[in-house]
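# Architecture and fold: a report
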Amino acid sequence: MSRIIPIFRMFDYAKAIQFYVDWLEFEIVWEHKPEGNPVYMRIAKGDVVMDLSEHHGDGTPGSRISITEFKGLKTFHAALIQKNYKYMKPGLERAEWNPEVLLMTVIDPFQNTIIFEEPL
């Protein structure tokens, strides 16, 4: 089975860890961190997998992805709000295009957008 793995551009390793690992609770699957060179890493949360790269040309800041069929969005949202991350306080909303879909949108420190979607 093939899989598509999006690549988001990042510019600061510590901020990426704070956002993706500490706040969103992704785990680092692997990292390539050669001394003095840009970092490339793979992160995952359940079956959601994405790559983060400091390499020029890997992704464009301001990219956007949707994570569909996300399970437990209300619980996940409540846990994020409880952590009191000072840079992001996402809300929950019903999709304009389908009121039977719940959405939560977060924007990372590098202006990349992740939309979590859960069918109701």
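Heads up: the structure comes first, above all this text.
Attention here is on the structure that accompanies the text.

Each value, and the rule that gives it
Residues numbered from 1 in each chain as written. Predicted model: local features only at pLDDT ≥ 70, side-chain atom pairs only at ≥ 80, totals over all residues. Heavy atoms only, no water. Buried < 20%, exposed > 50% of the residue type's maximum accessible area, 1.4 Å probe, protein only. Helix = DSSP H or I, 4+ residues; strand = E, 2+ residues; numbered from the N terminus. Pairing = 2+ DSSP bridges. Salt bridge = Lys/Arg side-chain N within 4 Å of Asp/Glu carboxyl O.

### Things to note about the pairing of strand S3 (residues 40–45)
Buried residues dominate S3, accounting for five of its six residues. As paired elements, strand S2 (residues 27–32) and S3 share five bridges and run antiparallel to each other. For His32, the partnering residue across the bridge sits in S3 and is Tyr40. The turn linking S3 back onto strand S4 (residues 48–53) is made up of two residues, and Gly46 within it adopts a positive phi angle of 65 degrees.

### Quick notes on the pattern of salt bridges
Evaluated as defined, the whole model comprises four salt bridges. We note a salt bridge from Lys45 to Glu25, for which the minimum N-O separation is 3.9 Å. Separated by 20 residues along the polypeptide, Lys45 in strand S3 and Glu25 in the loop between helix H1 (13–23) and S2 bring together distant segments of the chain. Judged by relative accessible area, which is 18%, Lys45 ranks as buried. Of the charged contacts in the structure, one is a salt bridge between Glu69 and Lys71, with a shortest N-O distance of 3.8 Å. Grouping residues by exposure puts Glu69 and Lys71 together as exposed. Several salt bridges share partner residues, and in doing so they unite Glu25, Lys45 and Lys83 into one network.

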